[in-house]
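Structure at a glance
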Amino acid sequence: MEYELNDLVEISQLQKLLDDFYVATGVGSGIIARDGTILTSTKWSNICTKFHRVNKESRLSCIESDRHLLEQFENKCDMIDYKCKNGLIDVGTPIVVEGKFLATLYIGQILFEEPDTNYFKKQAKYFGFDEEEYLKALKEVPIVDKEHYTKVLQFLKSLAQIISEIGLRELKLIEAKKELEISNNRYEIALHGSNDALWDYDLINNEFYASNRFIEMLGYNLEEINDIVLNNSIKLNSLIHPKDKNNFLKKYFNHINKKTEHFASEVRIKTKSENYKWILIRGSSIWNKDRKNIRMAGSVTDLSNKKELEVLLEDEKYFSKILMDYSNMFVCMWNPDGKLLYVNEYAQSILGYDEEELLDFNWMNITTKEIVNLLLKCLDANFTNNNIPQREIDIKCKDGKTVTILWNIQIIRNEEDIARNIVGIGVDITYKADAEKELMEFFGNISHELRTPLNIIFSSLQLMEFYFSNKNVLENVNKLKGFEKSMKQNCYRLLRLVNNIIAVTKINSGYLMLDLQKVDIVLLVNEIVESITEYIHRKNLDIKLNIDIKEKIIYCDPDKIERIILNLISNSIKFTKPGGTIFVNLKDNTEHIIISIKDTGIGIEKDKQDIIFKRFTQVNKSFVREQEGSGIGLSLVKSLVEMHNGSIKLKSDYGEGSEFIIKLPINNMSCCQCDKNDDELLNSKFSNKIEKINIELSDIY
């Protein structure tokens, strides 16, 4: 705080004090501010007031003398007597308040001995003074005892300093009041701007104060609030929402018991309109020397808007989480250290890990080094591309399977353009990769299935052409008949392949429908087995039919059922060695008919049983396999069974044989139907069972 002596003391009062002091003691005095301004002057000598400080030239000597004294006091001299430039003695002492030099208190002008009259005559002549009057004024200057005047000066200094310090305290008080007023104004503005309410509870006088905002917030008037707080503790207790009461009271009593310096609690308070309102209540206490709580005060903040926003935010977060969890996409987020922060439920369900396992996981264990290096590259400060090209990455699932994910990666940057997070959104394209793989296998199988019979037909035609050209037909009739039989079988094989491809295409596009009829399933199965028995015996195999009922009428498409059974028997023939047996069983299960085709063949390995019904899939994929097939048959069988609202499953032990079990509903009118001519599109030229058998068994050599 900057101040001068005249800021601390009323100068006119100080002048009067020094005038009175002169009357009592005969001692003249003066106070000069540190900038040279004369603040007071009491009975200064006429030689100064009428001569030295009036004349322009001699006045300069006075000012120079004053400045010299000020410099001495600024250098912290405590008291000084000084012969001025005009030949008189000044005795002075500094007035210092709180270590700050403000002014100089002088006693004088005086002489400590008789003056040199000749010196002053010369000075009168030099400055042009009237010598007689000048010397007369000189005689008025008192000749004093130095020690006596020093004591007087010290007294006046102490008096002036006391007055100054009183003034300083007054000034500080005024400044403090101003600061307090400014602070209060700021507090009021801030309080109004923050929309908070104030409360003050005087426990000694049992008085409660609530601000207007407090009254406005809860809807009660001041009288009602005072009555509730001071006289009705039950009512006060009932205003707090039951779910918030325990938490509030815990924090409140922790504070009352001096465990905390203050308390703050978010609670719902019942307003006068009987509605609950969210508020934040804060408070602090004052304790007396006996550690008794004598006063409490605090604020109340209306949290209604905040809580509404929190609810909306939670709804948004929940909605966003639902979208991410059930969007059939992988959603992941990594931090700048490459640590996984979030993974959605869909990704968890595909990978087989829970969230805790994935967040604490070393991703190198389940994916390629490529994706890890990509993440680290994205987080590099020198990497500026925010959009990363799509990447297909293989990831290992918990069960050991591998899924292929098509990743889209986006870098999230802060205002300083530093990578903060990486968001990865991935689509499971395993089915696409598998489909492409299956399709390639299918093309390989189809090319083989087409090439083999065509080669046989072409070779047979060449041999027949050779015999005809050499006119050796009669001698080689038996050979020609063999060629004819081979060509016919391979034509059946080609036709079977075409029929299966057409059927699969129709099923995929939804154009293959059922021709449901009332059929005696016992008779139908019997006829199929009888029609194929001779062929099976020729393969040195046995077939046994076990039926536990005489008749059972069900709704089905007889042509599709025949195709299903022939396909399964064909598989049994292919993979059962000579001397083996094929079992066809039919059982009535009240609401379902159970048909099983079982053999004593080579069986199917456990790890291959999951893929046996997949389209274009074969257990033996080698082109030098013992048996032929396109990989369509069992997939088609499964589709035809399911079109009947039925199911098919496999039981097999490798080396001991296989059993296919078909479950068909008896009342099956809910299946899709079509015109009875639909199946003729597949076998229009071969309507009898013999032809159908020849087609279905055409790939058995």
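Below is a summary of the structure that appears in this document.

Rules of the game
Residues numbered from 1 in each chain as written. Predicted model: local features only at pLDDT ≥ 70, side-chain atom pairs only at ≥ 80, totals over all residues. Heavy atoms only, no water. Axes fitted to C-alpha atoms, helices over the stretch in contact; angles between N-to-C directions. Helix = DSSP H or I, 4+ residues; strand = E, 2+ residues; numbered from the N terminus. Left-handed = near helix turned anticlockwise from the far one by under 90°. Contact = heavy atoms within 4.5 Å. Nonpolar A, V, L, I, M, F, W, Y, C, P; charged D, E, K, R; others polar. Core = buried A, V, L, I, M, F, W, Y, C linked by side-chain atoms within 4.5 Å. Buried < 20%, exposed > 50% of the residue type's maximum accessible area, 1.4 Å probe, protein only. Patch = residues over 30% accessible without salt bridge, like charges linked within 9 Å, V, L, I, M, F, W, Y side chains within 5 Å. Areas by Shrake-Rupley, 256 points an atom, 1.4 Å probe, with all protein chains shown as cover. Salt bridge = Lys/Arg side-chain N within 4 Å of Asp/Glu carboxyl O. Lys, Arg positive; Asp, Glu negative; His and termini not counted. Charge placed at Lys NZ, Arg CZ, Asp CG, Glu CD. Pairing = 2+ DSSP bridges.

Two packed helices can be described by the angle between their axes and the distance between those axes. Interhelical geometry of helix α18 (residues 521-538) versus helix α19 (residues 558-574) gives an angle of 35° and a closest axis separation of 11 Å. Relative to α19, α18 is oriented so that their crossing is right-handed. Where α18 abuts α19, its residues Ile521, Leu524, Val525, Ile528, Ile532, Tyr535 and Ile536 lie against Pro558, Ile561, Glu562, Ile565, Leu566, Ile569 and Ile573. The residue makeup of the contact of α18 with α19, split by class, is 13 nonpolar, no polar and 1 charged.

What follows covers the nonpolar core. By size, the foremost hydrophobic cluster in this structure holds 51 residues, and its most contacted members are Ile521, Ile532, Leu568, Ile569 and Ile595. In this view, isoleucine 521 contacts Lys552, Ile554, Ile561, Leu586, Ile593 and Ile595; residues no more than four positions away in its chain are not counted. Within the second largest apolar cluster, 28 residues are counted, among which are Leu8, Val9, Ile95 and Leu156.

The grouping of Asp130, Glu131, Glu132 and Glu133 at the surface amounts to a negative patch. Inspection of the secondary structure puts glutamate 132 in helix α6 (residues 131-140). You can call glutamate 132 exposed: its relative accessible area is 65%.

A few words on the packing of α19 against helix α20 (residues 633-643). Taken N-terminus to C-terminus, the directions of α19 and α20 make an angle of 145°; their axes are 10 Å apart at the nearest point. You can see that α19 and α20 cross each other, and the crossing is left-handed. Contacts from Lys560, Arg563, Ile564, Asn567, Leu568 and Asn571 of α19 reach α20 at Gly633, Leu634, Leu636, Val637, Leu640 and Val641. For the contact of α19 with α20, a count of residues per class yields 7 nonpolar, 3 polar and 2 charged.

We now examine the pattern of salt bridges. Under the criterion given, the structure shown has 23 salt bridges. A salt bridge links lysine 277 to aspartate 302; the shortest N-O distance between them is 3.7 Å. One end of the pair, lysine 277, is in strand β9 (residues 276-287); the other, aspartate 302, is in strand β10 (residues 293-302), and 25 residues separate them in sequence. Measuring nitrogen to oxygen at the nearest pair gives 3.0 Å for the salt bridge that ties lysine 560 to aspartate 557. Given a relative accessible area of 1%, lysine 560 falls into the buried group. Under the relative-accessibility criterion, aspartate 557 is labelled buried at 2%. Each of the salt bridges in this network shares a partner with another, and the network as a whole consists of Arg213, Glu216, Lys277 and Asp302.

Now for the pairing of strand β20 (residues 592-599). The element β20 is largely enclosed, with a buried count of 6 among its 8 residues. Hairpin remark: strand β19 (residues 581-589) followed by β20, antiparallel, with 2 residues in the connecting loop; positive phi at threonine 590, about 65°. Of the strand pairs in this sheet, β20 and strand β22 (residues 657-665) are connected by 7 bridges, and their pairing is antiparallel. Each residue of the ladder has a partner; that of lysine 598, found in β22, is glutamate 659.

Consider a sheet: its strands pair through backbone hydrogen bonds, and that pairing is either parallel or antiparallel. If you walk across this open sheet you meet the 5 strands as β7-β6-β10-β9-β8, and the pairing is antiparallel. Among the strands making up the open sheet, the edge pair consists of β7 (207-210) and β8 (262-270). Neighbour to neighbour, the strand axes of the sheet diverge by 20° on average, direction disregarded. Two strands pair when backbone bridges link them, and β9 and β10 are joined in this way by 9 bridges, in the antiparallel orientation. Residue pairing across strands places serine 285 opposite methionine 296, the latter belonging to β10. Together, β8, β9 and β10 form the strand contacts of helix α11 (residues 242-256), whose direction differs from that of β8 by roughly 155°.

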